Every structure is written in structure tokens, then in C-alpha cells.
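# Observations on the three-dimensional arrangement
Here's the letter readout for the chains.
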Amino acid sequence: GTPVVNPAAVSAAGIYQLIAVNNSGCSDTALFNLTNFAKPNLGADRSATKCSTANYDLTAQFNTSGLTSLWTLGGTVVSTPAAVSAAGIYQLIATNGSGCADTAIFTLTNDLQLCNSTITEQTVIKPNPVRDVLTVSIIRIAAVKVGITIHNSSGQKVYSYTYQQAAGGQTYIIPMQEMAGGEYFVTIRVNDKKETVKRIIKD
């Protein structure tokens, strides 16, 4: 019942009605049913650091279950995304059965120091105070299960994420733009064991 201002570019799903009238005043009516399909959601872009001589499994970085995945590096298709060695900015395009797609970026960095078994395992949470994005960098010699949770000053959980991290370094990007200003507590668990609790301030 509402006129469509720009029928050449509609986005809302629904049943559209067309009434066409000729110069004699005669008209015909047609209906067009437009359906919107859900778009995949790969989540935030990610990054990782690995030993220069080691391979890295890109397929474990995003949930692409039920999707068709295409990995590229510099515009070239990655033939074996489960075992890449080159550093660079990888792009993933995941498409569902309806033809809708989402894109994610994965930045892989090589570090010769990680090839040394005597590397220092560490967890770095920054910046503090934080305004938009909080980064959690975790370096481990062996593969580990990582859990990140954030609670506000009232003890309410406002963020939770778990991930099976490969050996080496991984940086997790946590968006905090929508969180209210104040005090938060970041808890890091490694292999289900509480390792770090850090108090941060959201500007």
C-alpha cells in the first residue's frame, strides 16, 4: 500500500504490487514476491604469527561449516589453505547455498624467533585504557585451547570467546565500541585453566 520511491533498487523483502496503465486508461496488475536470504557471518578479521619454517592451517580460523570457501593471497587462489607457509594478507570469501557471501581477512606473519623452542610464552592485553578495540596477544610453544571472557564491574559477562590456537602467536581482536565506559575485567584461560585476570578501563 506504500508507493516504492525507487523500484530500481529495493532491499526490503515482501510482496510488491505493480499497476501498469496505458494511454487509454486500461490497466493490469502483477505481484512480485521478493525474499531475502541470510548472509554468512565470518566474524572479525584475525591475525597470527608463526615460525618461519612452519605451515599454518587457515581453515581452522573461521567457521565455514556448510559454506563454500575460497582463500586467496594477493589475488591468487590458495591451493592448500590447510598448510600455508608464506606470510601475507589472506582473504577468505565464504558463500552459502543461496549465493550470499561474506569476506574475512587473515594476516599471517612469520617470526624466526618462534622456531626456537626457548621462546618466551606470554600474554599481552592492550591498550589500557581502551576506547574502540582491545587486542589480546598470546604466544605459546605448543597448541593450546584459549578462552577469553570479559566481565563488567557488576560481574556480568559481556564477552566470551574460545579458540583452539596453533603453536606460535595469535592476536585476538575484541570490539569494545558498543560497551559502556567504566571498569572491566579480562580473564584468560589456557587449556581451561585460569591464567590471567587484568583490570582495564573503557573510555
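Just above, that's the structure.
Residues numbered from 1 in each chain as written. Predicted model: local features only at pLDDT ≥ 70, side-chain atom pairs only at ≥ 80, totals over all residues. Heavy atoms only, no water.

For the rest of this paragraph, the subject is the pairing of strand 2 (residues 27–34). Among the eight residues of strand 2, zero are classified as buried, and the element is accordingly described as predominantly exposed. When strand 1 (residues 14–21) meets strand 2, the two strands line up antiparallel, connected through eight bridges. By the bridge assignment for strand 2, Tyr16 is matched with Phe32. Following strand 1, the chain reverses through five residues before pairing antiparallel with strand 2; Gly25 in that reversal takes a positive phi of roughly 90°. (Buried < 20%, exposed > 50% of the residue type's maximum accessible area, 1.4 Å probe, protein only. Helix = DSSP H or I, 4+ residues; strand = E, 2+ residues; numbered from the N terminus. Pairing = 2+ DSSP bridges.)

Time to look at the packing of aromatic side chains. According to the stated counting rule, one finds five aromatic pairs in the structure shown. Ring centres 6.2 Å apart and planes at 40° place the aromatic pair Phe62 and Trp71 in the tilted group. In this structure, Phe62 and Trp71 share a single accessibility class: buried. By way of ring pairs, the aromatic residues Tyr161, Tyr163 and Tyr172 are connected into one cluster. (Phe/Tyr/Trp six-rings, centres within 6.5 Å; stacked < 30°, edge-to-face > 60°.)

In this structure, Gln61 sits in the loop between strand 3 (46–51) and strand 4 (68–73). With a relative accessible area of 3%, Gln61 lands in the buried category. Aside from chain neighbours lying at most four places away, what touches Gln61 is Arg46, Tyr56, Phe106, Tyr163 and Gln170. (Contact = heavy atoms within 4.5 Å.)

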